[in-house]
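One-letter residues, chain by chain:
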Amino acid sequence: MNWLLPLPVVLPLAGAALCLLLTGRERLQRTVSVSALAAALAVACVLLWTVHRDGMQAVVLGGWPAHLGIALVVDGLSALMLLVSCIVTLVVLIFAIGQGLAGGEDTTPVSVFHPTYLVLAAGVSNAFLAGDLFNLFVGFEMLLVASYALLTVGGTLSRVRSGMTYVIFSLLSSLIFLTGIALVYASTGTLNMAHLHVRLAEIPEGTAQAIQLVLLLAFGMKAAMFPLSAWLPDSYPTATAPVTAVFAGLLTKVGVYAIIRLQTLLFSANPMENVLMAVGILTMLLGILGAIAQNDVKRMVSFTLVSHIGYMIFGIGLGTETGLAAAVFYALHHITVQTTLFLAVGLMERLTGTTDLDKLGGVAKLSPLVAVLFFVPAMSLSGIPPLSGFFGKVGLFEAGVAEGSALAYAGVGVGALTGLLTLYAVARTWSLGFWSQASPEVAATAAVRLPGPMVLAGVTMVAVMLAITLVAGPLYGLSDAAAAFGLDPAGYTAVIFPAGAP
Amino acid sequence: MSPSITLVLVIVVMSTVGTYMMLERSLVRMILGIMLVSNAINLLLLSASGAAGKAPLMNVNDTSEMGDPLPHALILTAIVITLASAAFVFTLAYRAWQLTGTDEVPDDVEDRRIAAAMPHRSEDEEVVSADEEEDDIR
């Protein structure tokens with residue numbers, strides 16, 4: 001099944017090329033991009049099944065020796081992330097098509113949108129499948145360059161403004177990543193991750209620690225962990241709803257994925273667990289305090305996004321198998337829930353023309369469906385049982401208590417507090433925006449009809465979220481297996497170098 | 001492996017100057033700074049390849065005398081990526097100039113909200129920040 005491995009990257013890229021050739025023929029472009037992403041989704045399903053049955057798969061492109069060529073690797077962790085990211089990109093694409101079909105002020109120029117979006121999807125898949133550090137960098141760059149274009153599409157004043165911060169910040173993080181790559185190569189002479197696992201353990205501890213900090217800084221900027229998170233709530237809310245939804249779901253989680261690899265594979269000999277735990281705790285707390293202060297729904301949701309990254313960082317920082325399993329499950333839950341929330345907010349904005357809480361009111365009466373689409377993920381985000389956020393949090397707390405250090409207990413306490421404050425933030429939005437009397441602005445827009453594909457996409461995402469809740473047991477089992485394999489780098493290395501690392 | 005001192009000096013000067021320029025408010029200066037730093041990092045990659053050697057051509061040069069070609073491939077990729085990003089940022093700066101007549105990065109929304117809430121600011125400054133916030137949130 002090894003030949004399947006490059007397909008999640010190649011299919012969207014080929015689709016992007018085809019879409020560029022078809023500029024101006026919107027119907028064909030739509031067909032091409034939807035089928036490319038649907039095919040990638042099918043491949044991701046097969047890959048997860050293969051990994052579950054046969055274990056980790058790897059392919060070195062062009063038949064080079066593994067430490068020289070470009071390795072693509074799929075293990076439990078990559079397969080899970082890949083599957084969820086494929087689902088999210090496909091559903092959001094359908095939402096975007098719905099938004100474009102219906103026209104209106106916020107219409108995305110379709111000819112630019114489709115190729116860029118497909119490159120973004122290819123970049124995300126490439127980052128999840130990368131088996132060497134430079135290929136990971138290329139994956140990051142693909143998705144970042146595509147995200148610059150998507151964020152500023154339309155070129156309005158607010159988007160240009162937020163684009164400036166976002167682009168400069170992302171470029172800076174890429175520069176730091178590249179510095180890390182240069183340092184890694186200078187000290188070990190290789191960039192293959194499995195090879196690095198062996199070689200980084202051989203170099204002096206101080207050097208390894210310095211390199212780890214450089215890479216952690218780069219990935220932390222991408223994952224928006226405190227204190228490197230200020231860019232996110234400023235840039236995401238200005239983009240169009242589908243763009244924000246896919247950014248919020250996937251881009252930060254690619255950073256989290258890279259941190260997992262960094263901690264468990266590259267620097268398994270010397271992970272900075274306490275630093276990560278402390279940063280995770282601060283991210284949770286300060287993110288959610290930011291969310292409470294917001295008057296704009298999109299900004300509020302962006303701050304909760306930052307805050308909940310903290311849970312995953314905390315889970316990784318625990319460094320135990322249960323902690324990592326909980327972090328992986330939390331990432332899967334969080335990708336779907338944030339995307340759904342942003343899609344619901346997008347529907348609400350389409351309906352009322354605003355996301356400002358001072359102007360909103362009575363949306364629940366105007367469109368009960370949109371209200372439900374907001375309510376379910378919002379409750380899941382705050383960890384109300386029986387939704388998936390509850391399982392993720394319980395897993396994290398269990399792992400924290402099992403680890404037993406003072407910092408871990410602090411993390412459990414702050415995690416519970418953050419859950420409550422999240423509930424407060426979304427409940428405030430709910431009562432001001434959805435439950436109160438219809439404001440004059442909202443009442444004036446009662447005639448707006450929501451396009452079918454947008455509603456369909458929103459309903460599908462909620463269904464996916466509920467499905468994650470329903471299959472939480474088996475899914476948690478998969479996360480557990482992925483974490484167990486992730487914490488056993490010897491197994492990873494053995495697949496890449498069956499005859500031992502050179 | 002000990003890197004060439006010339007390369008190290010050039011890297012230090014370029015990244016210092018580049019970092020200084022990145023701290024500016026104007027987008028064009030920032031991207032010039034980023035380009036300087038990214039070229040400094042390319043040199044860092046180059047120095048990571050060890051001592052200079054002959055071109056890595058099989059059957060022309062002896063394997064033991066060749067330089068390490070892998071960092072060169074990495075540098076090429078990095079150069080292409082920086083080129084594309086820089087082109088994008090320049091168009092962004094041009095678009096900002098078209099819309100506002102300046103390419104300066106504005107204060108973020110939160111800063112302006114805090115500034116507007118500060119009691120000791122003069123009256124008209126408050127009005128300006130409140131207005132700006134309004135059109136930013138749209």
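Everything that follows concerns the structure shown earlier in this document.
(A) Up close: the overall build of chain A. In terms of regular secondary structure, chain A is built from 21 helices and two strands. Expected size for 502 residues packed as a compact globule is a radius of gyration near 23 Å; at 22 Å, chain A falls within 12% of this value. Taken along its principal axes, the extent of the C-alpha atoms in chain A is 70 × 55 × 40 Å. Among the 502 residues that make up chain A, the fraction classed as buried is 64%. Intrachain contacts of chain A at a sequence separation of at least 6 include 81% that bridge at least 24 residues. When the accessible surface of chain A is split by element, carbon and sulfur atoms take 70% of a total near 15700 Å². Both charge centroids of chain A, one from 18 positive and one from 21 negative side chains, sit 13 Å from each other.

(B) Highlighting the overall build of chain B. Looking only at helices and strands, chain B features five helices and zero strands. Counting from the amino terminus, helix and strand elements in chain B follow one another as α-α-α-α-α. A total of 138 residues make up chain B; the buried ones form 30% of that total. Residue pairs in contact within chain B that sit at least 24 positions apart in sequence constitute 52% of those at least 6 positions apart. Summed over all atoms, the accessible surface of chain B reaches about 8400 Å², with 64% contributed by carbon and sulfur.

(C) Here's a closer look at the interface of chain B and chain A. Across the contact, 43 residues belong to chain B and 38 residues belong to chain A. Taken together, the two surfaces of chain B and chain A that pack against each other cover about 3400 Å², and 71% of this comes from carbon and sulfur. Inspection of the chain B/chain A interface yields zero salt bridges. At the surface where chain B touches chain A, the tally comes to three residue pairs in polar contact (both at pLDDT 80 or more). If you list the elements that add at least two residues to the side of chain B that touches chain A, you get helix H2 (27-48), helix H3 (70-100), helix H4 (109-117) and helix H5 (123-137) of chain B. Here the residues of the side of chain B that touches chain A sort into 25 nonpolar, five polar and 13 charged.

(D) Spatial organisation of the pattern of salt bridges. All names here are of chain A. For the coordinates displayed, the defined rule picks out seven salt bridges over all chains. A salt bridge links Arg30 to Glu26; the nearest nitrogen and oxygen atoms lie 3.2 Å apart. Of the two residues, Arg30 and Glu26 both sit in helix H2 (residues 26-54), four residues apart, roughly one turn of that helix. With relative accessibility at 38%, the residue Glu26 sits in the partly exposed group. Residues Asp234 and Arg299 are paired through a salt bridge, measuring 3.3 Å at the closest nitrogen-oxygen approach. Highlighted residues: Asp234 in helix H9 (residues 231-235) and Arg299 in helix H12 (residues 297-318), separated in sequence by 65 residues. Across the pair, Arg299 and Asp234 agree in class, each one buried.

(E) Region of the structure containing the nonpolar core. All names here are of chain A. Ranked by size, the top nonpolar core spans 211 residues in total, and within it Leu133, Leu136, Tyr166, Phe177 and Phe247 carry the most contacts. No other element matches the 19 residues that helix H13 (residues 321-352) contributes to this core. Excluding residues within four positions of it along the chain, Tyr166 makes contact with Leu144, Ser147, Tyr148, Leu151, Trp231, Ser235, Tyr236, Phe247 and Leu251.

(F) Spotlight on the packing of aromatic side chains. Scanning the entire structure with this criterion turns up 23 aromatic pairs over all chains. On the basis of an interplanar angle of 75° and a centroid distance of 4.9 Å, the ring pair of Phe177(A) and Phe219(A) is categorised as edge-to-face. With Phe177(A) in helix H6 (residues 157-188) and Phe219(A) in helix H8 (residues 205-223), this residue pair connects regions lying 42 residues apart in the sequence. Relative accessible area serves as the criterion here: at 1%, Phe219(A) is assigned to the buried category. Put simply, the rings of Tyr148(A), Tyr166(A), Phe169(A), Trp231(A), Tyr236(A), Phe247(A) and Phe88(B) pair up and form one aromatic cluster. Over the aromatic face of Tyr311(A) sits the side chain of Lys393(A), whose NZ or CZ is 5.0 Å from the ring centroid.

Cut-offs used in this document
Counting from 1, residues in each chain are numbered in the order their sequence is written. Written order decides the labels, with chains lettered from A and ligands numbered from 1. Totals for whole chains, interfaces and linings use every residue, but because this is a predicted model, local features are given only for residues with pLDDT of at least 70 and side-chain atom pairs only at 80 or more, for both listing and counting. In computing side-chain values, all of the structure's heavy atoms are included and hydrogens and water are not. Helix and strand definitions here come from DSSP, where helices need a minimum of 4 consecutive H or I residues and strands a minimum of 2 consecutive E residues; each element is numbered from the N-terminal end. As defined in this context, the radius of gyration uses C-alpha atoms, and a globule is described by 2.2 Å times the residue total to the power 0.38. Accessible area is worked out with a 1.4 Å probe on protein chains only. A residue is then buried under 20% of its type maximum, exposed over 50%, and partly exposed in between. Whether two residues touch is decided by their heavy atoms; if any such pair falls within 4.5 Å, the residues are in contact. Note that accessible areas follow from Shrake-Rupley with a 1.4 Å probe, and for residues the cover is restricted to the protein chains shown. All tallies of charge rest on Lys and Arg as positive and Asp and Glu as negative; His and the ends of each chain are not included. Working definition for charges: the position is that of NZ of Lys, CZ of Arg, CG of Asp or CD of Glu. Accessible area that two parts lose when put together, evaluated with a 1.4 Å probe and summed over both, is termed the buried area. Throughout this description, the term salt bridge denotes a Lys or Arg side-chain nitrogen within 4 Å of a carboxyl oxygen of Asp or Glu. Contacts described as polar in this section are N or O atom pairs within 3.5 Å, which, within protein, must combine one atom able to donate a hydrogen with one able to accept it, while residues neighboring in sequence count only if both atoms come from side chains. Each residue is assigned to one of three groups, with Ala, Val, Leu, Ile, Met, Phe, Trp, Tyr, Cys and Pro labelled nonpolar, Asp, Glu, Lys and Arg labelled charged, and all others, Gly among them, labelled polar. Put simply, a nonpolar core is a bunch of buried Ala, Val, Leu, Ile, Met, Phe, Trp, Tyr and Cys residues held in one set by side-chain atoms that sit within 4.5 Å of each other. Stacked, edge-to-face and tilted are the three classes for Phe, Tyr and Trp ring pairs, Trp counted by its six-membered ring, which pair at centre distances within 6.5 Å; planes under 30 degrees apart are stacked, over 60 edge-to-face, the rest tilted. Should the NZ of a Lys or the CZ of an Arg lie within 6 Å of a ring centre and within 35 degrees of the ring normal, that charge is described as sitting over the ring.

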